[in-house]
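A structural walkthrough
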Amino acid sequence: MSKSFSSGKSGLVADMLKSLAIAALAATPLVTSQCAYAQEPGAAQPQRDPAALYLQVGADNNTVQKVRQLAADFEASIRSKYEAIMGQMREMQRLSLEPSLDEEKILATQDAINRGTADMANERIKLLINQRKLLTPDQRIKFVELLKQQRSQHGPQ
């Protein structure tokens, strides 16, 4: 059973939905653009190597390869999630343009978008944890020092 908003509220709700969709669209690239840097064969070269900091702290070639593989695996695993979220956002846009808004469908779609973006953020954190586990204790200290330097120079990334 779906609920519809009266036409008096539809403009306000449509504006709210557009704001939510814009916020979700703005946040999604932040999640995906910073989490993995592996590229498909033949794709443009990545802007930065996911193992660059690991090299700077003295990680060996084996560790660097593992870091890169974890990043590549992560990117492959979130690709379908990202595409699903984009599809849900297109559905949200379609729903927001209907004359009578269906509250249940809109809220269910937003819930799906929220779950998807939260899942991707959790996967990114797991990636970072697993990559850091590959370092020795001394390398971890150096790694954190480098991160702090970068953030003080460029702000949070």
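Predicted model, so just to flag it, every value in this text is computed and none were measured. (Residues numbered from 1 in each chain as written. Predicted model: local features only at pLDDT ≥ 70, side-chain atom pairs only at ≥ 80, totals over all residues. Heavy atoms only, no water.)

A separate point is the overall build of the protein. Within the protein, the regular secondary structure consists of five helices and zero strands. Reading the protein from its N end, one meets helices and strands in the order α-α-α-α-α. In the protein, which comprises 157 residues, the proportion classed as buried is 31%. Partitioning the contacts of the protein with sequence separation of at least 6, the portion at a separation of at least 24 is 74%. (Helix = DSSP H or I, 4+ residues; strand = E, 2+ residues; numbered from the N terminus. Buried < 20%, exposed > 50% of the residue type's maximum accessible area, 1.4 Å probe, protein only. Contact = heavy atoms within 4.5 Å.)

Moving on, we get to the environment of Arg79. Here Arg79 is to be found in helix α3 (residues 61–96). For Arg79, a relative accessible area of 30% translates into the label partly exposed.

What follows covers the pattern of salt bridges. Pairing between side chains of opposite charge can happen when their charged atoms approach one another. A full pass over the atoms with the stated rule returns five salt bridges. The closest approach of N and O atoms between Glu91 and Arg94, which form a salt bridge, is 2.6 Å. Placement of the pair is Glu91 and Arg94 together in helix α3, with a separation of three residues, close to one helical turn. Two residues, Glu123 and Lys126, come together in a salt bridge whose shortest N-O distance is 3.4 Å. On the criterion of helical spacing, the pair formed by Glu123 and Lys126 is a turn pair, its members being three residues apart in helix α4 (residues 103–133). (Salt bridge = Lys/Arg side-chain N within 4 Å of Asp/Glu carboxyl O.)

Quick look at α3 now. Over its 36 residues, α3 runs 51 Å from end to end, which matches the ideal 52 Å to within 8%, given 1.5 Å per residue. Along α3, the sharpest kink reaches roughly 35 degrees, centred on Ile78. Considered for burial, the residues of α3 that qualify are Thr63, Val64, Val67, Ala71, Phe74, Glu75, Ile78, Ile85, Met89, Met92, Leu95 and Ser96. (Expected span 1.5 Å × (residues − 1). Bend = angle between axes of the 7 residues up to and from the residue.)

What follows deals with α4. In this model α4 runs 45 Å from its N-terminal to its C-terminal C-alpha over 31 residues, within 8% of the 45 Å that 1.5 Å per residue would give. Restricting attention to buried positions, one finds in α4 the residues Ile106, Thr109, Gln110, Ala112, Ile113, Gly116, Met120, Leu127 and Gln131. Residue Asp102 occupies the N-cap position of α4, its side-chain oxygen lying 3.2 Å from the main-chain nitrogen of Glu104. (Polar contact = N/O pair within 3.5 Å; in protein donor to acceptor, adjacent residues only side chain to side chain.)

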